[in-house]
Amino acid sequence: MARPAGPGRRALLDAGLSLAEEKGVGALSISAVTTTAGMAKGSFYQHFPDRHSYIVELHRRYHDQLESLMTSAIEGQPPGIERLRTGFVAFLDACLATPGTKAFLAQARSETDLGEQVAERNAMFAALVRADLEAIGWSPAAPVAVLAVAMAADVSLQELGARGPRDDLRAAVLAIVAHPVDIAVPQS
């Protein structure tokens, strides 16, 4: 069983975030993490049972921070285009300011240890966005919410490459979602 949060656990997580930002998720070996944290390899196992648990915790920590920043920005706003715009901008700004964005938005998709966590986070963000899209008039809103989350993640990666906001992409995504169209969903 993992020990509760403390200076050692935080040091390991901070080291992993730094490594993921610099070298990618694949570079997160236990040896690399403990060396970066300045800790003995055995101390890793006092806090995490294995690499998988550690990677999952890093991913959770990163997305909890993004979620907190985004939900704080939209707190008290009714669902609709303004709340969607506010949340979208807060998400993108947080991605630019948060170390690990490239690792945990792009590389995490192909990291076998994180597939389930990526799917859960995307579903959580899609559920949040769905209420806004329904208020705007999308029907059905669920598939558009999934696509909106994917667009937001891609814009974030484009902005990381540009080292700053891409106002053209932000405006394009918001223009797309602001104008609902009828979606003919094939019956299975």
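1. Things to note about the overall build of the chain
Turning to step 1, where the next piece is worked out: Along its length, the chain carries nine helices and zero strands.
Turning to step 2, where the next piece is worked out: Starting at the N terminus and ending at the C terminus, the chain contains elements arranged as α-α-α-α-α-α-α-α-α.
Turning to step 3, where the next piece is worked out: Taken over the C-alpha atoms alone, the chain extends approximately 60 × 40 × 30 Å along its principal axes.
Turning to step 4, where the next piece is worked out: Counting across all 188 residues of the chain, residues that qualify as buried make up 40%.
Turning to step 5, where the next piece is worked out: Pairs at least 24 residues apart make up 68% of the contacts formed inside the chain by residues separated by at least 6 positions.
Turning to step 6, where the next piece is worked out: If you sum the accessible surface of the chain, you get close to 9,700 Å²; carbon and sulfur atoms cover 56% of it.
Turning to step 7, where the next piece is worked out: Each charge class in the chain can be summarised by its mean position, and for the 17 positive and 21 negative side chains these summaries are 7 Å apart.

2. Thoughts on helix H4 (residues 51–74)
Turning to step 1, where the next piece is worked out: The end-to-end C-alpha separation of H4 is 35 Å, in line with the 34 Å expected for 24 residues at 1.5 Å each.
Turning to step 2, where the next piece is worked out: What H4 keeps buried is the set Tyr54, Ile55, Val56, Glu57, Leu58, His59, Tyr62, His63, Leu66, Met70 and Ile74.
Turning to step 3, where the next piece is worked out: Its buried side turned inward, H4 meets helix H1 (7–23), helix H2 (30–37), helix H3 (41–47), helix H5 (81–97), helix H6 (101–105) and helix H7 (115–136).
Turning to step 4, where the next piece is worked out: Among the residues of H4, the N-terminal cap falls to Asp50, whose side-chain oxygen and the backbone nitrogen of His52 are separated by 3.4 Å.

3. Side note on the pattern of salt bridges
Turning to step 1, where the next piece is worked out: Taken as a whole, this structure holds twelve salt bridges when the rule is applied.
Turning to step 2, where the next piece is worked out: Put simply, Glu57 and Arg60 hold a salt bridge, and the shortest N to O gap is 2.4 Å. Residue Glu57 and its partner Arg60 are both found in helix H4; the two are separated by three residues, about one turn of the helix.
Turning to step 3, where the next piece is worked out: Classification of Arg60 as partly exposed rests on a relative accessible area of 35%.
Turning to step 4, where the next piece is worked out: Two residues, Arg170 and Glu159, come together in a salt bridge whose shortest N-O distance is 2.6 Å. Here Glu159 lies in helix H8 (residues 142–162) and Arg170 lies in helix H9 (residues 167–178), a separation of eleven residues in the sequence. Of the two residues, Arg170 and Glu159, both sit in the buried class.

4. Topic: unusual backbone geometry
Turning to step 1, where the next piece is worked out: Geometrically, the link from Ser139 to Pro140 is a cis peptide bond, its omega value of -5° lying close to zero.
Turning to step 2, where the next piece is worked out: Looking at the secondary structure, you find Pro140 in the loop between H7 and H8.
Turning to step 3, where the next piece is worked out: Positive phi is not limited to glycine here, since Arg163 has a value of about 60°.
Turning to step 4, where the next piece is worked out: Tracing the sequence through the fold places Arg163 in the loop between H8 and H9.

5. Quick look at the environment of Phe91
Turning to step 1, where the next piece is worked out: With respect to the element layout, Phe91 can be found in helix H5.
Turning to step 2, where the next piece is worked out: Along the sequence, Phe91 and Thr71 sit 20 residues apart, while their C-alpha atoms lie 9.2 Å from each other.
Turning to step 3, where the next piece is worked out: Once residues within four sequence positions are removed from consideration, Phe91 is found in contact with Leu66, Met70, Leu105, Ala152, Ala153 and Ser156.

Cut-offs and rules
- Residues numbered from 1 in each chain as written.
- Predicted model: local features only at pLDDT ≥ 70, side-chain atom pairs only at ≥ 80, totals over all residues.
- Heavy atoms only, no water.
- Helix = DSSP H or I, 4+ residues; strand = E, 2+ residues; numbered from the N terminus.
- Buried < 20%, exposed > 50% of the residue type's maximum accessible area, 1.4 Å probe, protein only.
- Contact = heavy atoms within 4.5 Å.
- Areas by Shrake-Rupley, 256 points an atom, 1.4 Å probe, with all protein chains shown as cover.
- Lys, Arg positive; Asp, Glu negative; His and termini not counted.
- Charge placed at Lys NZ, Arg CZ, Asp CG, Glu CD.
- Expected span 1.5 Å × (residues − 1).
- Polar contact = N/O pair within 3.5 Å; in protein donor to acceptor, adjacent residues only side chain to side chain.
- Salt bridge = Lys/Arg side-chain N within 4 Å of Asp/Glu carboxyl O.

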